[in-house]
Amino acid sequence: MTTCEAMTASTCKEASDIIDLNWENIGFGLVPTDYMYIMKSSEDGTFAKGELQHFGPIELNPASGVLNYGQGLFEGLKAYRKEDGSILLFRPKENALRMRMGAERMCMPAPTIEQFMDAVKLTVLANKRWVPPIGKGSLYIRPLLMGSGAVLGVAPAPEYTFLIFVSPVGNYFKEGLAPINLIVENDFHRATPGGTGGVKTIGNYASVLKAQKLAKEKGYSDVLYLDSVHKKYLEEVSSCNIFVVKDKIISTPATKGTILPGITRKSIIDVARGLGYQVEERLVSVEELLDANEAFCTGTAVVVSPVGSVTYLGNRVEYGNRGVGAVSQQLYSALTRLQMGLSDDKMGWTVKLN
């Protein structure tokens, strides 16, 4: 059975229409779409019988594991519209693998890779009319895995729910592909060795909100965190990875348990090496960042975001006269052309949906 055959006739017809939105000013915020996907685990932890439902509120027991103990994970990936009307997904298998890795750390069962992929395809096609026109953005896809079963003591939940919703989005930062201003955080920390910083669990993001709020009140775009042990090595920004460019060498912090192994990060490393750059994954000190020629962030939401300035202990360093750096621009163009099907996908990263 094809993905479209799995939908009802009315759902297929609705999905074939094109929604009328102000695509020029969509930004990065929730736009309620038509359908979401829900699948629950059985008592033995296996998932089956997922289905599309109209997007809307869900019911949770007040004692559910996700509400009481934060037993939850999420993923983020995107779909792009091509000129021929087909839709491209970017590396969805990587998201399925990362969710399974995170689920193991959080004592949760997870959908199989095939279940994850099928659910993503079904949800995107059911909401096809919400995929932005070419060059106007993408359809952001948010898979969630949560402990939905009731549990009073500290223990894994007895039941789990896998859910996917989608929203059309534009740029994550209001600056778009323009330099952002970061402040290096010296007091708050995002993750610690032995913790859950290396998986995409929901609690990792709640912990950055305080520092992020304070930074934005001071006019900064976001916060760059240091390691919690030495307080001198770069970790990541609130929701994206960091790269430093110095004399033709691109360096990024190695993922060793406290840093999320970003899929865009992984892709940028491969693209950069394919373009002839030397890329190093290692400890990167804050002093190296301050002495760099250029810096940029990567993530599903931001794709590639050039850094215009970094402020550390009151010292502000600006890069490239606050313009978009040459390396950032080259990598952004190379990756987005791949994602949108405008260049030959020699890596086999995209999945086409008709």
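Structure shown above.
Each value, and the rule that gives it
- Residue numbers restart at each chain and count upward from 1, following the sequence in its written direction.
- Local features in this predicted model are restricted to residues of pLDDT 70 or higher, and side-chain atom pairs are both shown and tallied only at a pLDDT of 80 or more, whereas totals for entire chains, interfaces and linings draw on every residue.
- Values shown for side chains rest on all heavy atoms present in the structure; no hydrogens or waters enter the calculation.
- Burial status follows relative accessibility: with a 1.4 Å probe on protein chains alone, a residue under 20% of its type maximum counts as buried, one over 50% as exposed, and anything between as partly exposed.
- In this text, helices come from DSSP runs of H or I with a minimum length of four residues, and strands from runs of E with a minimum of two, each type numbered from the N-terminal end.
- Should DSSP find at least two bridges between two strands, the strands are taken to pair.
- Whether two residues are in contact is decided by their heavy atoms: any pair within 4.5 Å suffices.
- A helix is expected to span 1.5 Å multiplied by its residue count minus one.

Observations regarding the pairing of strand β15 (residues 303-312)
Consideration 1: The buried fraction of β15 is high, at 10 of 10 residues.
Consideration 2: Bridging between strand β8 (residues 180-185) and β15 involves four bridges; their strand directions are parallel. When the sheet's bridge partners are listed, Ile-180 is paired in β15 with Val-307.
Consideration 3: Both strand β14 (residues 294-299) and β15 contribute to a ladder of four bridges, which runs antiparallel. Each bridged residue has a counterpart across the sheet, and for Thr-298 the counterpart in β15 is Val-304.
Consideration 4: Of the pairings in the sheet, the one linking β15 to strand β16 (residues 315-318) comprises four bridges and is antiparallel in character. Each bridged residue has a counterpart across the sheet, and for Ser-309 the counterpart in β16 is Glu-318.

Details of unusual backbone geometry
Consideration 1: Of note in the backbone geometry, Cys-107 takes a positive phi value of approximately 55° without being a glycine.
Consideration 2: One can find Cys-107 in the loop between α3 (92-105) and α4 (113-126).
Consideration 3: The class for Cys-107 is exposed, based on a relative accessible area of 51%.
Consideration 4: In this model, Asp-247 sits at a positive phi of 50°, which is unusual for a non-glycine residue.
Consideration 5: If you trace the backbone, Asp-247 turns up in the loop between β11 (241-246) and β12 (249-253).
Consideration 6: We classify Asp-247 as exposed; its relative accessible area is 55%.

Description of the environment of Thr-264
Consideration 1: Looking at where Thr-264 falls in the secondary structure, it is placed in helix α7 (residues 263-274).
Consideration 2: Of the residues examined, Thr-264 reaches a relative accessible area of 5% and is grouped as buried.
Consideration 3: Placed 246 residues apart in sequence, Thr-264 and Ile-18 show a C-alpha to C-alpha distance of 28 Å.
Consideration 4: Residues in contact with Thr-264, not counting those within four places in the same chain, are Thr-298, Gly-299, Thr-300, Val-303 and Leu-335.

What about α4?
Consideration 1: For α4, which comprises 14 residues, the first-to-last C-alpha distance of 20 Å matches the rise-based estimate of 20 Å (1.5 Å per residue) to within 8%.
Consideration 2: Among all positions of α4, only Phe-116, Met-117, Ala-119, Val-120, Leu-122, Thr-123, Val-124, Leu-125 and Ala-126 are buried.

Observations concerning the pairing of strand β6 (residues 138-147)
Consideration 1: Across the 10 residues of β6, nine count as buried, placing the element largely inside the fold.
Consideration 2: Pairing analysis gives three bridges linking strand β3 (residues 72-74) to β6, with the strands arranged antiparallel. Within β6, the position partnered with Phe-74 by the bridge is Leu-144.
Consideration 3: Direction of pairing for strand β4 (residues 77-81) relative to β6: antiparallel, over a ladder of three bridges. When the sheet's bridge partners are listed, Ala-79 is paired in β6 with Leu-139.
Consideration 4: Sheet analysis places β6 next to strand β7 (residues 160-169), joined by 10 bridges and oriented antiparallel. When the bridges of β7 are listed, Leu-144 appears paired with Leu-163.

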